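# Structural characterization, general
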Amino acid sequence: MQLNLEHPDHEFYLRGADGVSARVNERTLASSFVLSPNRLLEDWPVRDVKALTPSDMDAVLALEPEVILLGSGATQAFPPASVLAACLKRGVGLETMTNAAAARTYNVLASEGRRVVAAFVLAG
């Protein structure tokens with residue numbers, strides 16, 4: 001049986017993520033970042049989902065997503081209600097999950113052509 005590596009038709013894809021690192025395309029990232037199918041914003045200054053503020057979401061919302069996947073690290077944690085309210089006010093859904101789950105979900109939604117943006121909080 002021959003196996004072929006399929007590359008998605010978008011520029012950035014996730015090979016995996018946990019609480020301390022993520023693999024985007026062929027690069028390993030060790031600090032928080034924001035990802036859309038065609039943009040990678042490195043060094044997102046967020047280190048704790050529970051301390052997230054609405055202004056921390058400006059870079060994420062500027063990518064004009066229909067849904068935001070918030071990877072909260074190795075375990076699921078939720079942002080303050082004000083962050084959710086800021087997203088909903090703009091008509092954007094916000095789903096919080098572990099980084100591993102956010103990576104899997106991002107790949108599915110991006111492959112469907114959805115306007116998805118994933119924001120990953122990494123401990124590094």
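Structural data are supplied above this passage.
Now for a quick tour of the structure. (Residues numbered from 1 in each chain as written. Predicted model: local features only at pLDDT ≥ 70, side-chain atom pairs only at ≥ 80, totals over all residues. Heavy atoms only, no water.)

### Focus: the overall build of the chain
The helix and strand inventory of the chain stands at three helices and eight strands. Mapped from its N terminus to its C terminus, the chain presents α and β elements in the order β-β-β-β-β-α-β-α-β-α-β. Compactness check: the chain gives a C-alpha radius of gyration of 14 Å against a globular reference of 14 Å for 124 residues, within 12% of the reference. Counting only C-alpha atoms, the chain reaches 50 × 30 × 20 Å along its principal axes. Burial status across the chain gives 46% buried among its 124 residues. Considering only residue pairs separated by 6 or more positions, the chain has 63% of its internal contacts joining residues 24 or more positions apart. (Helix = DSSP H or I, 4+ residues; strand = E, 2+ residues; numbered from the N terminus. Rg over C-alpha atoms; globule rule 2.2 N^0.38 Å. Buried < 20%, exposed > 50% of the residue type's maximum accessible area, 1.4 Å probe, protein only. Contact = heavy atoms within 4.5 Å.)

### Quick word on helix 3 (residues 99-111)
Compared with an ideal rise of 1.5 Å per residue, which puts 13 residues at 18 Å, helix 3 spans 18 Å between its outermost C-alpha atoms and is within 8% of the ideal. Along helix 3, the positions that sit buried rather than exposed are Asn 99, Ala 101, Ala 102, Ala 103, Tyr 106, Leu 109 and Ala 110. Where helix 3 is buried, its residues touch strand 1 (14-17), strand 4 (33-36), strand 6 (67-71), strand 7 (93-97) and strand 8 (116-120). With its phi angle positive at about 80°, Gly 113 sits one or two positions after the end of helix 3. (Expected span 1.5 Å × (residues − 1).)

### Let's talk about the pairing of strand 1
Two strands pair when backbone bridges link them, and strand 1 and strand 2 (residues 22-24) are joined in this way by three bridges, in the antiparallel orientation. Residue pairing across strands places Leu 14 opposite Val 24, the latter belonging to strand 2. Counting the residues between successive antiparallel strands, the hairpin from strand 1 to strand 2 contains four residues. (Pairing = 2+ DSSP bridges.)

### Concerning the sheet that holds strand 3 (residues 27-29)
One open sheet accounts for three strands, arranged 1-2-3; its pairing is antiparallel. The open sheet has two edge strands, strand 1 and strand 3, and neither has a second partner. Ignoring strand direction, the axes of neighbouring strands in this sheet form an average angle of 20°. As judged from the three bridges shared by strand 2 and strand 3, these two strands associate in the antiparallel manner. Its bridge partner being in strand 3, Ala 22 is matched across the sheet by Leu 29. (Axes fitted to C-alpha atoms, helices over the stretch in contact; angles between N-to-C directions.)

### Some details on the pattern of salt bridges
Counted according to the given criterion, the structure contains four salt bridges. Arg 114 is paired through a salt bridge with Glu 66; the nearest N and O atoms lie 3.1 Å apart. Here Glu 66 lies in the loop between helix 1 (58-61) and strand 6 and Arg 114 lies in the loop between helix 3 and strand 8, a separation of 48 residues in the sequence. With a relative accessible area of 34%, Arg 114 lands in the partly exposed category. Taken together, the salt bridges that share partners define one network made up of Arg 15, Arg 23 and Glu 26. (Salt bridge = Lys/Arg side-chain N within 4 Å of Asp/Glu carboxyl O.)

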